[in-house]
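Survey of secondary and tertiary structure
Residue strings, one per chain:
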Amino acid sequence: MNEILLLTDHEWLDDYSDKKYRFIFLTLNSTQVSTINLFMLAASRLSYHGEFIIRINYESTYHDIEKWAKAFDFSIIDSSTSQNSLRHISQSQRYIFRFDGQPTKPGYEIALANEFTESCIDLFKNVFGTPISQEFWNWKYPKDRAVSSVVALRNNEVVAHYGSCDRSGIYNNRSFGLIQACDVMVAPTDRGAISSSVFFELAKLGEKTFYAKDSAVLVAYGFPHGRHYKLGARLKLYTPVSPIFEVIFDIPDTVEDASALDINCIYSKSDVSSALKFMYSLKDTLILDRDYQYLLKRYIYHPEFEYKVYWFAECLFIIRPLNGKLFLMDYWGDLTKYSHNLNLFTNALSTVYPGYHLHLWCLEDISTSFINHKEIKNTGAVFVFKKYSSELPNFRKWWVMMGDTEFL
């Protein structure tokens, strides 16, 4: 295989997936290509032991170039600095890397998702059958944050997407960098058998950034179901923790002395801090990070959904009214009193939503703790996670609610 590809930075994000190349020569005249996209795209274009030659014709900002080269299975063969003939550039740099990784599936390229937002939004509608606005998409994947979401491209169109939303978690008073896998999408025309799935290629190459030295992401988690769960489990992409159960409660039409149940929407930052202090006191349980800023971003200033935040029994309850139902998104407070406080809160809601039903999510270990519930059922979704460091503790328990997803 003797194919040679010669490109500049202005051409780097275009489609060159029709074949694998033995040599890629890239000339960089500006900083518009991220270091990750340099090696992610090169890895999906090169044959085994193909060479990637980079010339940088400006004062380089690629100080981490060798770090990311190693993360994507490139080894450095040579590097040099030379005087440049251009007046405004004193010198240029040249790197030669060899690709030692496994070549990816032919016909596809894999890159960071932030350069392909419009095509991602089109794929979302194609896969899920419902549109998503640009504002909602940008809320999930802010342009001012580091990008972890990846896409597979065919003919310059996004045909698969593996989204990542930043979170962090607290376990026994220690903080861990986490990321939620979401918007896992593959176009119907590009789905295949497990061994030939473009999703498998996307996940393998995309998560290499999490294995990189000094990565802020230590754990990924998600809520796959159906085909995506079966595919990921068989490919050993993650570890299952528990099925997701939905628990349903009746809200009474009337409750004796309901007026004595002090439910209100007035709370302060100190109330939030107090509730979270109780919440994080639970030992041996990984709780996804919450704070006042998260409350504002996730619920108060959501671009599309409307939530109600109630301060009750020294706890925060966050619900979403939708189509005659109430969804309990979040509970911030003493987790050892969750079932008891929830029962009181359900009764208190009779003054606001009499006759409604309240729906919540929980993991299996919590599903047996409720009292006075109407129904409990398996949603078909499964909570899963994956570690990217062998030095992490063995998380014994997790606390997960509807609000820990980004789509409700």
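For the structure, see preceding data.
Below you will find a few notes about this structure. (Residues numbered from 1 in each chain as written. Predicted model: local features only at pLDDT ≥ 70, side-chain atom pairs only at ≥ 80, totals over all residues. Heavy atoms only, no water.)

Concerning the overall build of the protein
Looking only at helices and strands, one finds 11 helices and 18 strands in the protein. Along the three orthogonal principal directions, the C-alpha set of the protein runs to about 85 × 45 × 40 Å. Element-wise, carbon and sulfur atoms account for 49% of the exposed surface of the protein, whose accessible area totals about 19300 Å². Charge centroids of the protein, computed over 42 positive and 47 negative side chains, lie 5 Å from each other. (Helix = DSSP H or I, 4+ residues; strand = E, 2+ residues; numbered from the N terminus. Areas by Shrake-Rupley, 256 points an atom, 1.4 Å probe, with all protein chains shown as cover. Lys, Arg positive; Asp, Glu negative; His and termini not counted. Charge placed at Lys NZ, Arg CZ, Asp CG, Glu CD.)

Considerations on the side chain of Gln180
Within the secondary structure, Gln180 is located in strand 9 (residues 174-186). A polar contact of 2.8 Å, which involves the side chain of Gln180, links it to the side chain of Glu406. Among residues more than four places away in sequence, those in contact with Gln180 are Gly163, Ser164, Cys165, Tyr221, Phe223, Asp404, Thr405 and Glu406. (Polar contact = N/O pair within 3.5 Å; in protein donor to acceptor, adjacent residues only side chain to side chain. Contact = heavy atoms within 4.5 Å.)

Looking at a nonpolar patch on the surface
Together, Ile4, Leu6 and Phe25 make up an exposed nonpolar region whose accessible area comes to about 300 Å². In this fold, Leu6 is placed in strand 1 (residues 4-8). Leu6 sits in the exposed class, given a relative accessible area of 61%. (Patch = residues over 30% accessible without salt bridge, like charges linked within 9 Å, V, L, I, M, F, W, Y side chains within 5 Å. Salt bridge = Lys/Arg side-chain N within 4 Å of Asp/Glu carboxyl O. Buried < 20%, exposed > 50% of the residue type's maximum accessible area, 1.4 Å probe, protein only.)

Looking at the nonpolar core
Counting residues in hydrophobic clusters, the biggest one holds 138 residues, and the most contacted among them are Trp12, Phe39, Phe52, Phe74, Trp332, Tyr338 and Trp398. Judged by nonpolar contacts, the second largest core, of 5 residues, contains Ile179, Phe210, Ala220 and Tyr388. (Core = buried A, V, L, I, M, F, W, Y, C linked by side-chain atoms within 4.5 Å.)

Some remarks on the pairing of strand 10 (residues 219-222)
Burial along strand 10 is two-sided: Val219 and Tyr221 facing one way and Ala220 and Gly222 facing the other are all buried. Here strand 9 runs beside strand 10; their pairing, made up of 3 bridges, is parallel. Residue pairing across strands places Leu178 opposite Val219, the latter belonging to strand 10. Relative to strand 17 (residues 375-387), strand 10 runs antiparallel, the two sharing 4 bridges. (Pairing = 2+ DSSP bridges.)

Considerations on the packing of aromatic side chains
Counted by the stated rule, this structure contains 40 aromatic pairs. Measuring from centroid to centroid gives 6.1 Å for Tyr310 and Phe345, while their planes differ by 55°, and the two rings are tilted. Of this pair, Tyr310 sits in strand 13 (residues 308-312) while Phe345 sits in helix 10 (residues 338-348), and the two are 35 residues apart along the sequence. Phe345 shares its class with Tyr310; the two are buried. Pairing Phe385 with Trp398 gives two aromatic rings, centres 5.2 Å apart and planes at 45°, and the pair type is tilted. Placement of Phe385 in strand 17 and of Trp398 in strand 18 (residues 397-399) is noted, with a sequence separation of 13 residues between them. In this structure an aromatic cluster arises from ring pairing among Tyr171, Phe176, Tyr221, Phe223, Trp361, Phe383, Phe385, Phe395, Trp398 and Phe407. Here the basic side chain of Lys387 rests over the ring of Phe395, its NZ or CZ set 5.4 Å away from the ring centre. (Phe/Tyr/Trp six-rings, centres within 6.5 Å; stacked < 30°, edge-to-face > 60°. Lys NZ or Arg CZ within 6 Å of the ring centre and 35° of its normal.)

A look at the environment of Lys374
Residue position: Lys374 is located in the loop between helix 11 (364-367) and strand 17. The exposure class assigned to Lys374 is partly exposed, which follows from its relative accessible area of 48%. Each C-alpha atom of the pair Lys374 and Phe136 lies 34 Å from the other, and the pair is 238 residues apart in sequence. Setting aside residues no more than four positions away along its own chain, Lys374 makes contact with Ile248, Phe249, Asp250 and His357.

Here's the deal with the pairing of strand 12 (residues 285-288)
Of the two faces of strand 12, the one lined by Thr285 and Ile287 and the one lined by Leu286 and Leu288 are each fully buried. For strand 8 (residues 157-171) and strand 12, the ladder comprises 2 bridges, and the chain directions are antiparallel. Bridge pairing in strand 12 links Gly169 to Leu288. Here strand 12 runs beside strand 18; their pairing, made up of 3 bridges, is parallel. Bridge pairing in strand 18 links Thr285 to Lys397.

Overview of the side chain of Lys20
Tracing the backbone shows Lys20 in the loop between strand 1 and strand 2 (21-28). Glu201 provides the closest opposite charge to the buried, salt-bridge-free Lys20, at an N-O distance of 7.2 Å. Looking at Lys20, its side chain comes within polar contact range of the main-chain oxygen of Ser44, at 2.9 Å. Separated by 2.8 Å, the side chains of Lys20 and Thr104 make a polar contact.

Nothing here speaks to function; it is all geometry.
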